[in-house]
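Tertiary structure, described
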Amino acid sequence: MPSAPFAPRDGVSATRVVTPPPVRQTQPAGQTPPRTIGEWLRVRFPASVDVDAGLADGRYVYAGGQPVNADDAYRPRTEIWFERDLPDEAEVPGSIHIVHRDDRLIVIDKPPFLATIPRGQHVRQTVVARLRSELGLPELQPVHRLDRLTSGLVVLTTERRWRGAYQTLFQRREVHKVYRALAQLSAERVALMPLCEGAPRRMGDAGVRPSWTVGQAVEVRSRIEKRRGCWQAEELPGEANAISSIVLERVLEPAGDERASKELFGSGANCGGVEGVTAGVGVFRLEPSTGRTHQLRVHMNRLGAPILGDPLYPVVREAWPGGPPADGVEQPLQLLAAELSFTDPVDGVARHFEAQRRLPISVQECE
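Worth saying up front: this structure is predicted, and the values here are computed from it rather than measured.

Analysis parameters
- Residues numbered from 1 in each chain as written.
- Predicted model: local features only at pLDDT ≥ 70, side-chain atom pairs only at ≥ 80, totals over all residues.
- Heavy atoms only, no water.
- Helix = DSSP H or I, 4+ residues; strand = E, 2+ residues; numbered from the N terminus.
- Buried < 20%, exposed > 50% of the residue type's maximum accessible area, 1.4 Å probe, protein only.
- Contact = heavy atoms within 4.5 Å.
- Areas by Shrake-Rupley, 256 points an atom, 1.4 Å probe, with all protein chains shown as cover.
- Salt bridge = Lys/Arg side-chain N within 4 Å of Asp/Glu carboxyl O.
- Polar contact = N/O pair within 3.5 Å; in protein donor to acceptor, adjacent residues only side chain to side chain.
- pLDDT = per-residue confidence, 0-100.
- Pairing = 2+ DSSP bridges.
- Phe/Tyr/Trp six-rings, centres within 6.5 Å; stacked < 30°, edge-to-face > 60°.
- Lys NZ or Arg CZ within 6 Å of the ring centre and 35° of its normal.

Counting secondary structure elements, the protein chain contains seven helices and 17 strands. Across the 367 residues of the protein chain, 45% fall into the buried class. Residue pairs in contact within the protein chain that sit at least 24 positions apart in sequence constitute 65% of those at least 6 positions apart. Here the protein chain displays about 18,800 Å² of accessible surface, and carbon together with sulfur accounts for 49% of that area.

As structure tokens, then:
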């Protein structure tokens, strides 16, 4: 991707468009090619974008930095950059903790509800926009994805030249990831036993749920697909493309265990929607081998232990009847990207990072 001819504004990069190549075939009846760049831009963008105002303000420039004029002759394969109108956004509470920083990498621990990259209605209030401004790093970019509702570790590169090597690690699944989650348990699904070691149990049948044994891994394999326009991802028949190892590490009893009594049982621990007699909240260790959208949330829900605070699974918790999923800091998703380990592709050094945040993720922690 070519570099923008001007620095990001409020941490948000300029947008690039390129006029299409010449069309060899005859134009459709009644359609003529644009005569000017201004004419092409007015067709290229929706009516909500005030192209004329942007041209008058000098916010459209060519790759060399020269301003675009509305009456410039149209030329195919012409690169144009412009600054978007940034929407007003409510500030997302919570601090971005810097876990590690060197010449190549920034590793951060992000709060819930903060998107990683500018997209849709989340532009300024994103990890990238915030840190580019705060750290003075205009080329800062993440090398992997982390869901907006999920807290924890995100790896970013300081300059464009480093991104490919680290991004390839994640694409090749050469990064070991450990998540931790809190989920409501039901009495009939809990079997407290001493820690034990052994081969993981595989969950290949969507109708089968485990009787939880503390310390024993459950391996979940399924095919997960996320359709555009649908809030939830689906598990479908077919070859598995999502693999997770899930371990119940311990159970927080309804009273007297750390912060569980006040911060979980006193503030809607049943929000996960699991039916049955409450037997406490489970602390889970989750290790995905793949990275499908909502993978851990889908697999926990399938095991009958949906993650606390999840507005999508098992059912969509609507902000209003027929509306989008509820999105409020009073009930954060209890899912934390807790650890990342990999061999550095540049110098071969073993890297290991741990989040500063701990479960439960609470309203107070987000403020």
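Back to the write-up after that little detour.
Moving on to the pattern of salt bridges. Scanning all chains against the criterion turns up 19 salt bridges. Between Arg285 and Glu287 there is a salt bridge, with its nearest N and O atoms 2.7 Å apart. Residue Arg285 is classed as partly exposed on the basis of its relative accessible area of 22%. The partner of Arg351 in a salt bridge is Asp344, with the nearest N and O atoms 2.9 Å apart. Judged by relative accessible area, Arg351 falls into the buried class, the value being 10%.

Here we come to the environment of Trp81. Residue position: Trp81 is located in strand E3 (residues 79-82). With a relative accessible area of 2%, Trp81 lands in the buried category. A polar side-chain atom of Trp81 sits 2.7 Å from a polar atom in the side chain of Glu79.

The predicted coordinates of low-pLDDT regions are not to be read in fine detail. Put simply, the protein chain has an average pLDDT of 82, and 76% of its residues get 70 or more. Low pLDDT (under 50) marks residues 189-199, which in the prediction has 29 contacts with non-local residues, meaning those over four places away or in another chain.

Once that is clear, we can look at the pairing of strand E12 (residues 217-225). Sheet analysis places E12 next to strand E14 (residues 242-252), joined by six bridges and oriented antiparallel. Among the inter-strand pairings, Glu219 is bridged to a residue of E14, identified as Ser245.

On to the side chain of His294, then. Mapped onto the elements of the fold, His294 is located in the loop between strand E15 (278-288) and helix H6 (295-302). Look past the residues within four positions of His294 in its chain and what remains in contact with it is Asp147, Lys226, Trp231, Ala233, Leu312 and Tyr313.

What follows covers H6. Taken across its eight residues, H6 has eight buried, putting it largely inside the fold. Listing the buried residues of H6 in full gives Gln295, Leu296, Arg297, Val298, His299, Met300, Asn301 and Arg302. Directly after H6, the chain includes Gly304, whose backbone phi takes a positive value near 80°.

Taken as a whole and assessed by the stated rule, the structure comprises five aromatic pairs. With centroids separated by 4.9 Å and ring planes inclined at 70°, the aromatic side chains of Phe45 and Phe82 adopt a geometry described as edge-to-face. With Phe45 in the loop between helix H1 (37-44) and helix H2 (51-56) and Phe82 in strand E3, this residue pair connects regions lying 37 residues apart in the sequence. No difference in accessibility class separates Phe45 from Phe82, as the two residues are buried. Aromatic ring contacts, followed pair by pair, group Phe45, Tyr60 and Phe82 into a single cluster. Above the plane of the ring of Phe45 lies Arg44, whose end atom (NZ or CZ) is 5.1 Å from the centre.

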